[in-house]
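Tertiary structure, described
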Amino acid sequence: EVQLVESGGGLVQPGGSLRLSCAASGFTLSSFEMNWVRQAPGKGLEWISYISVSGITIHYADSVKGRFTISRDNAKNSVYLQMNSLRVEDTAVYYCARDLGLDGDYWGQGTLVTVSS
Amino acid sequence: DIQLTQSPSFLSASVGDRVTITCRASQGIRSYLAWHQQKPGKAPKVLIYAASTLQGGVPSRFSGSGSGTEFTLTISSLQPEDFATYYCLQLKTYPLTFGGGTKVEIK
């Protein structure tokens, strides 16, 4: 069964850091482009980052550029999102998604990040 | 950045109704558009990709059309399990962008 499982979310103070993980099972992660998408409480979807199969090509939304870093470890079938300098407005459910918007599109169930003092 | 404007943002409809949701792009994106469905508390799932290709396993009552700047998602006969929020997504250019969403509720 295809699965993406996010972990690492939680409560953090403004200015703090968190590292999210996305573990794949049931398929080989190294064959897929990966993205992170977030959804603030009661709001719509916001794409925040992309990483190519090789890890060489990376993109970020302006809202997180310079603060968040996406990476992948194909040997561990995992993708990561290092989040630094967190702000209250980063509070959201964070989803990892493979092949976003393509025929292989599949999302994890998400992990909640709450930034609050 | 490419802006996607979805309309309507809210839609009240009955089971069996034909429903159409529109997504307009601020610049041409050819057919680089997908539609996702999201139910409360759940992750989104793709319904349509490449503007008009039905994802495997998605009922044929869903269809997508359009290219360039104007796209539509149509549900030919609304079913109880279709009450959800729908989002368009453009993949033409980074940053990828989603439309604001259309919430479909029961009349």
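The structure under discussion appears in the preceding block.
Below: a short report on this structure. These numbers were taken from a predicted model, which means no experiment stands behind them.

1. Topic: the overall build of chain B
Of regular secondary structure, chain B possesses zero helices and 11 strands. Seen along its three principal axes, the alpha-carbon backbone of chain B occupies a region of about 35 × 25 × 25 Å. Residues classed as buried in chain B amount to 50% of the 107 residues present. Per element, the accessible surface of chain B, about 4800 Å² overall, is 47% carbon and sulfur. Taking the 10 positively charged and 6 negatively charged side chains of chain B as two groups, their mean positions are separated by 4 Å.

2. Describing the state of the cysteines
Residues and elements named next belong to chain A. Counted by the stated rule, this structure contains two disulfides over all chains. Through a disulfide, Cys22 is tied to Cys96; the S-S separation comes to 2.0 Å. Taking the sign of the torsion about the S-S bond as the criterion, the disulfide between Cys22 and Cys96, at about 65 degrees, is right-handed. One end of the pair, Cys22, is in strand S3 (residues 18-25); the other, Cys96, is in strand S9 (residues 92-98), with 74 residues separating them in the sequence. Cys22 sits in the buried class, given a relative accessible area of 0%.

3. Some words on the interface of chain B and chain A
With 16 residues of chain B in contact, the opposing surface of chain A contributes 19 residues. Area buried by chain B at its contact with chain A is led by B:Pro44, B:Tyr94 and B:Phe98, which between them contribute 34% of it. One can count zero salt bridges joining chain B with chain A. Between chain B and chain A we count five residue pairs in polar contact (both at pLDDT 80 or more) in total. Listing elements by their share of the side of chain B that touches chain A, those giving two or more residues are strand S4 (33-38), strand S5 (45-49) and strand S9 (85-90) of chain B. The dominant element in the side of chain B that touches chain A, judged by the number of residues it contributes, is S4(B), at three residues. Here the side of chain B that touches chain A is composed, by residue class, of 12 nonpolar, three polar and one charged.

4. Topic: the side chain of B:Gln38
Position of B:Gln38 relative to the elements: it lies in strand S4. By relative accessible area, B:Gln38 is classed as buried at 8%. At a separation of 2.9 Å, a polar atom in the side chain of B:Gln38 contacts the main-chain carbonyl oxygen of B:Lys42. Ignoring anything within four residues of it in the chain, the contact list for B:Gln38 reads A:Gln39, A:Leu45, A:Tyr95, B:Ala43, B:Pro44, B:Ala84, B:Thr85 and B:Tyr87.

5. Details of the layout of surface pockets
Of the volumes computed, that of the largest pocket is approximately 410 Å³. What lines the largest pocket is a set of 22 residues, and nearest its centre among them are A:Gln39, B:Gln38, B:Thr85, B:Tyr87 and B:Lys103. Elements represented by at least two residues in the lining of the largest pocket include exactly S9 and strand S11 (102-106) of chain B. Looking at the lining of the largest pocket element by element, the count peaks at three residues for S11(B). Here the lining of the largest pocket is built from residues that sort into eight nonpolar, nine polar and five charged. Approximately 230 Å³ is the volume attributed to the second largest pocket. As for the second largest pocket, its lining consists of 16 residues, of which A:Tyr106, B:Ala43, B:Pro44, B:Lys45 and B:Val46 are closest to the centre. Put simply, the parts of the chain that give the lining of the second largest pocket at least two residues each are strand S10 (106-107) of chain A together with S4 and S5 of chain B.

6. Quick word on the pattern of salt bridges
When their charged atoms lie close together, side chains carrying opposite charge are able to pair. Taken as a whole, this structure holds eight salt bridges over all chains when the rule is applied. Between A:Asp62 and A:Lys65 there is a salt bridge; the shortest N-O distance is 3.2 Å. Overall, A:Asp62 belongs to the exposed group, its relative accessible area being 57%. For B:Arg61, the salt bridge goes to B:Asp82, with nearest N and O atoms at 2.8 Å. With B:Arg61 in the loop between strand S6 (53-54) and strand S7 (62-67) and B:Asp82 in the loop between strand S8 (70-75) and S9, the pair connects residues that are 21 residues apart, well separated along the chain. The pair formed by B:Arg61 and B:Asp82 is uniform in burial state, with each residue classed as buried.

7. Concerning the sheet that holds strand S8 (residues 78-83) of chain A
All names here are of chain A. Pairing is antiparallel in the open sheet, where four strands are placed in the order S1-S3-S8-S7. Looking at the sheet topology across the chains shown, the edges are occupied by strand S1 (3-7) and strand S7 (68-73). The average undirected angle you get between the axes of adjacent strands in this sheet is 15 degrees. Sheet topology places S3 next to S8; six bridges connect them, and they run antiparallel. When the sheet's bridge partners are listed, Ala23 is paired in S8 with Ser78.

The rules behind the values
Residues numbered from 1 in each chain as written. Chains lettered and ligands numbered in written order. Predicted model: local features only at pLDDT ≥ 70, side-chain atom pairs only at ≥ 80, totals over all residues. Heavy atoms only, no water. Helix = DSSP H or I, 4+ residues; strand = E, 2+ residues; numbered from the N terminus. Buried < 20%, exposed > 50% of the residue type's maximum accessible area, 1.4 Å probe, protein only. Areas by Shrake-Rupley, 256 points an atom, 1.4 Å probe, with all protein chains shown as cover. Lys, Arg positive; Asp, Glu negative; His and termini not counted. Charge placed at Lys NZ, Arg CZ, Asp CG, Glu CD. Disulfide = S-S within 2.5 Å. Contact = heavy atoms within 4.5 Å. Buried area = accessible area lost by both parts, 1.4 Å probe. Salt bridge = Lys/Arg side-chain N within 4 Å of Asp/Glu carboxyl O. Polar contact = N/O pair within 3.5 Å; in protein donor to acceptor, adjacent residues only side chain to side chain. Nonpolar A, V, L, I, M, F, W, Y, C, P; charged D, E, K, R; others polar. 1 Å grid on protein atoms, 1.4 Å probe; cavity = no way out; pocket = protein on both sides within 12 Å on 5 of 7 lines; lining within 4 Å. Points joined across faces, edges and corners; volume = space filled by probe spheres on them. Pairing = 2+ DSSP bridges. Axes fitted to C-alpha atoms, helices over the stretch in contact; angles between N-to-C directions.

Spatial relationships are all this shows, so hold off on functional conclusions.
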